[in-house]
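Next come the chains, spelled out residue by residue.
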Amino acid sequence: MAESPHSGYNATVQDFREIEYPMLKGSIYLDHAGSTLCAKSVMDMFAMDMTSTLYGNPHSGSWSSQLSSSRIEDVRLRLLDFFQADPTEYDLVFVANTTAGIKLVTEALRTLPHGFSYVYHQACHTSLVGVREEATESICVNDCQMKAWIDGEAPFKDSSSASSATLLSYSAQSHLNGTRYPLSWAKQLRSRNTNSKSTMYTLLDVASLSATSPLNLSHPDFAADFIVLSLYKIFGFPDLGALLVRRASSDVFSGRKYFGGGTVDAVTCHDEPWHAFKSNSLHERLEDGTLPFHNIIAADFALQVHARLFGSMARIREHTSYLTERLIDGLSGLRHGNEQPVCVMYTGFAGENSMLGQGPVVAFNIKNSSGAWVSLAEFEKLAILKHIHIRTGSLCSPGGIASVLDLTSWEMRKNYSAGFRCGSDNDIIHGKPTGVIRASLGAMSTLSDVTQFIDFVAEFFVEATKTTSSTEDTHKPRHDTSLMVKSITVFPIKSCGGYNVPPGMQWEVRPEGLAWDREWCLVHRGSSQALSQKRYPKMALLQPSIDLDRGILHVKYNGAPMSRMQNRVTISLLANSAPFKAFDSNLTSRVCGEKVSVLFCISEEINDFFSEAIGVPCVLARFPPGGQGLKSRSTKANLLKRRQGSVTKKALGVVCDVPSPPDSDAEKQDEGKILLSNESPILMITTSSVAALNADVKANGGDDVAETAFRGNIIVEDPRGTLPPYAEDEWQGITIGSRDFKLLGGCQRCHMVCIDQVTGEKKPEPFVTLAKTRRYNGKVYFGAHMRLDVGKSDDDSLQKPTISVGEAVLIRDAS
Ligand SMILES: *Cc1c(COP(=O)(O)O)cnc(C)c1O
């Protein structure tokens with residue numbers, strides 16, 4: 001198999017990948033490789049040209065302006081030639097991207113005297129679906145309905161609207177699963193519907209097809225009126241799109257109303273407003289404003305380099321088809337120990353359209369050995385760790401997703417009501433996935449991308465035959481253990497470093513958590529979202545310490561020296577002291593019916609300190625009165641309940657994030673269990689579990705992981721070494737000193753555990769090993785959440801319960 005007819009191409013790509021695409025080193029690129037990347041040669045040629053030639057703004061007589069104008073016209077012709085489009089038959093209009101081309105066509109059809117009827121194929125991109133909002137009537141058709149239409153059956157059963165035009169839109173190749181659709185549809189429809197009163201137009205989306213296949217507009221079967229595409233999908237750079245218009249259909253644009261600089265020859269403003277559109281060519285009438293002329297010039301270099309590197313589009317098509325076949329074979333061949341397939345494929349069953357071949361886009365989902373879906377979020381976390389670039393989700397393909405996943409519109413709306421949003425993590429709803437995994441191959445893809453990816457799926461998702469838990473019989477009575485508190489850590493600023501409570505100091509435990517734990521957080525100035533170490537690993541380098549005697553929180557930055565300031569700040573522990581200011585207290589009080597406000601720091605010095613440390617503009621925020629912790633934190637919990645559907649969601653995004661445990665995926669907690677309780681839990685880990693995990697990490701060839709990586713509040717130590725690893729999974733509760741705690745369940749983990757809490761660096765371990773050894777129902781757990789059990793004791797010291805390092809720990813078991 002190694003000696004494929006494409007091995008020559010493959011070897012070449014492998015070679016120049018090092019030179020042309022150095023940023024790909026060490027990555028498996030399965031998200032339009034080649035088409036979304038910028039070749040170094042293009043960049044070099046473009047830079048050379050830009051620094052040696054003066055290009056002026058087109059539309060004037062200076063030589064620099066004339067030079068730009070003539071380069072633009074050259075590129076226009078070269079691109080027409082690239083698509084084998086005869087310039088006397090087609091005009092090419094430069095647009096920002098595919099979507100902008102679609103909007104231009106829509107805008108024109110809307111101005112027709114009786115509007116237009118719209119028929120769109122179900123594999124359409126969202127950008128084509130949106131056109132329906134401008135149409136007088138619209139319908140989404142599947143392959144059968146398309147065929148019926150071509151055979152003469154009108155798509156609109158009782159067409160009430162008397163629109164004078166009908167627009168059909170479809171994709172030449174589905175960007176969801178690579179299915180190709182006949183380019184001849186336009187011609188077939190036109191010949192069958194000659195006696196219809198309505199003029200027939202076809203808008204063909206070739207954005208996906210043109211990225212890896214030749215497009216031949218001179219083919220006698222090719223009859224689309226409008227063709228849209230994004231040049232960056234073919235060349236990687238520049239960011240530019242094109243709308244190709246069949247000149248015979250350009251009348252559609254004559255009713256266009258808007259004009260801008262560049263598209264008119266003359267305009268008057270006063271007594272009699274009048275204007276004359278440019279009349280030379282269609283593109284002159286449609287390209288409003290200054291063209292992105294530098295981008296257009298860059299496209300010329302992109303064309304040259306692309307031809308030099310890859311030869312022809314036909315070669316790219318051959319190469320990617322070959323890789324696609326290998327990928328489909330590899331994935332569909334994977335089996336669990338019990339013979340069940342691992343991947344559910346949505347690609348490769350073209351049926352009637354199989355003559356057209358299969359585009360290099362492979363969509364699938366993964367199931368575990370008992371047939372349950374693996375969540376996309378879970379898959380993605382592992383893919384990120386392994387430097388795999390791949391898309392997951394519903395991929396802007398509403399009709400395609402519904403069809404491959406067998407989701408009805410009703411189910412999709414119900415999912416929306418249940419909180420599912422494009423890009424959300426909660427992606428398995430009512431036992432069905434809401435999206436897919438999509439690997440797309442391009443000119444730059446190599447066989448090694450494909451085989452490494454198949455190996456990855458095999459390594460992480462293929463389950464050997466199910467074994468019953470081997471730890472079951474190792475449970476021993478707990479009384480003989482001599483557990484103790486090794487350390488107590490609070491994380492005053494969410495996602496930043498921890499403060500270790502000194503031995504001997506009594507630390508207050510509140511019903512909602514340890515005192516001062518996650519009292520503050522950092523909020524992005526743009527998005528109002530609380531910052532997380534997962535995204536900004538340098539937050540680990542912000543080292544807090546709490547001075548209760550002086551009422552001060554010190555924060556020191558342990559990274560590189562800062563440019564303008566000292567690398568430390570001090571912040572008062574007093575809630576209402578300057579420099580904090582309430583933020584729109586009316587807003588929050590309206591939401592929770594209680595007078596509570598979020599406080600934002602207004603000291604530029606402090607905010608600048610954090611912004612410079614992390615490298616992102618942010619503001620320090622705080623949740624008010626620490627004194628009656630329960631009251632303030634329980635209000636936070638109340639706010640959480642209002643989270644969905646609240647118009648104030650954005651302003652409160654900050655609030656919502658806070659009661660999450662320090663190191664787990666805030667977004668992914670089981671809401672019923674933790675987020676809606678009135679307590680912000682304490683995270684506990686045991687040294688025996690850390691040791692067991694480290695043994696597994698070592699066996700995988702990794703290095704020891706520090707206990708601090710798990711960001712536990714309390715580390716329970718087992719000096720005698722008698723505690724079995726992961727025993728805490730089974731515990732109902734523990735007692736520390738004289739305080740009872742109730743365990744709330746395992747802590748769900750994300751790759752934040754891979755951030756070294758001392759250096760802020762990210763490594764693949766321990767998440768890679770955790771994902772293999774501690775994954776249940778697609779979620780990875782380590783450590784346990786707990787809270788103070790206030791219900792049971794009437795001890796009056798409960799008014800201010802405390803714990804300290806070194807205290808004994810007793811276990812309350814399930815049994
Ligand atoms: C990418 C894509 C689009 C949208 O392209 P933009 O550049 O985002 O406008 C539309 N249709 C298909 C088939 C695509 O693949």
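Residues numbered from 1 in each chain as written. Predicted model: local features only at pLDDT ≥ 70, side-chain atom pairs only at ≥ 80, totals over all residues. Heavy atoms only, no water.

Examining the UniProt feature "active site" (unreviewed entry) in the protein chain
Inference 1: UniProt's feature table lists "active site" (unreviewed entry) at C396, given in the numbering used throughout.
Inference 2: Here C396 lies in the loop between β14 (391–393) and α14 (398–405).
Inference 3: Once you skip the residues sitting within four places of it in the chain, C396 turns out to touch C124, H125, T126 and H175. (UniProt positions renumbered as here; feature names shortened; annotations may be inferred. Helix = DSSP H or I, 4+ residues; strand = E, 2+ residues; numbered from the N terminus. Contact = heavy atoms within 4.5 Å.)

Observations concerning the packing of helix α1 (residues 7–20) against helix α11 (residues 293–310)
Inference 1: As a packed pair, α1 and α11 sit with axes 10 Å apart at the nearest point and diverge in direction by 135 degrees. Classed by the angle they form, the pair α1 and α11 counts as oblique. On the side of α1, the interface is formed by Y9, F16 and E20, while α11 contributes R308, L309 and F310.
Inference 2: When the residues that make up the contact of α1 with α11 are grouped by side-chain class, the tally is four nonpolar, no polar and two charged. (Axes fitted to C-alpha atoms, helices over the stretch in contact; angles between N-to-C directions. Parallel < 35°, antiparallel > 145°, perpendicular 65-115°, else oblique. Nonpolar A, V, L, I, M, F, W, Y, C, P; charged D, E, K, R; others polar.)

Quick notes on helix α18 (residues 604–614)
In an α-helix, one turn spans 3.6 residues; hence positions three or four apart end up facing the same way.
Inference 1: By the burial criterion, the buried members of α18 are I606, N607, F609, F610, S611, A613 and I614.
Inference 2: The secondary structure elements touched by the buried residues of α18 are β22 (520–524), β23 (542–547), β24 (552–557), β25 (568–572), β27 (598–601) and β28 (618–622).
Inference 3: Where α18 ends, the next residue or the one after it, G615, has phi of about 85 degrees, a positive value. (Buried < 20%, exposed > 50% of the residue type's maximum accessible area, 1.4 Å probe, protein only.)

Structural notes on the sheet that holds strand β2 (residues 90–95)
Inference 1: One open sheet accounts for seven strands, arranged β2-β8-β7-β6-β5-β3-β4; its pairing is mixed. Two strands close off the open sheet at either side, each with one partner strand: β2 and β4 (137–141). When the angles between neighbouring strand axes are averaged without regard to direction, this sheet yields 20 degrees.
Inference 2: Here strand β7 (residues 226–230) runs beside strand β8 (residues 241–246); their pairing, made up of five bridges, is antiparallel. Its bridge partner being in β8, L229 is matched across the sheet by A242.
Inference 3: Contacts from helix α4 (residues 98–110) reach β2, β3 (116–121), β5 (165–171), β6 (199–205), β7 and β8, with the element oriented near 155 degrees to β7. (Pairing = 2+ DSSP bridges.)

Topic: the environment of S230
Inference 1: Inspection of the secondary structure puts S230 in strand β7.
Inference 2: Counting along the chain gives 129 residues from S230 to G101, while the straight-line C-alpha distance between them is 9.2 Å.
Inference 3: If sequence neighbours within four positions are ignored, S230 has contacts with N97, T98, A207, L240 and G241.

A word on the pattern of salt bridges
Where charged atoms from two side chains of opposite charge come close, those side chains can pair.
Inference 1: This model, assessed by the stated rule, comprises 27 salt bridges.
Inference 2: Among the salt bridges present, the one from R256 reaches E107, with a minimum N-O distance of 3.1 Å. Residue R256 is found in the loop between β8 and β9 (264–268), and its partner E107 is found in helix α4; the two are separated by 149 residues along the sequence. The same class applies to R256 as to E107, namely buried.
Inference 3: Ionic pairing is found between R550 and D547, a salt bridge with its closest N-O pair at 3.8 Å.
Inference 4: Since its relative accessible area comes to 57%, R550 is described here as exposed. (Salt bridge = Lys/Arg side-chain N within 4 Å of Asp/Glu carboxyl O.)

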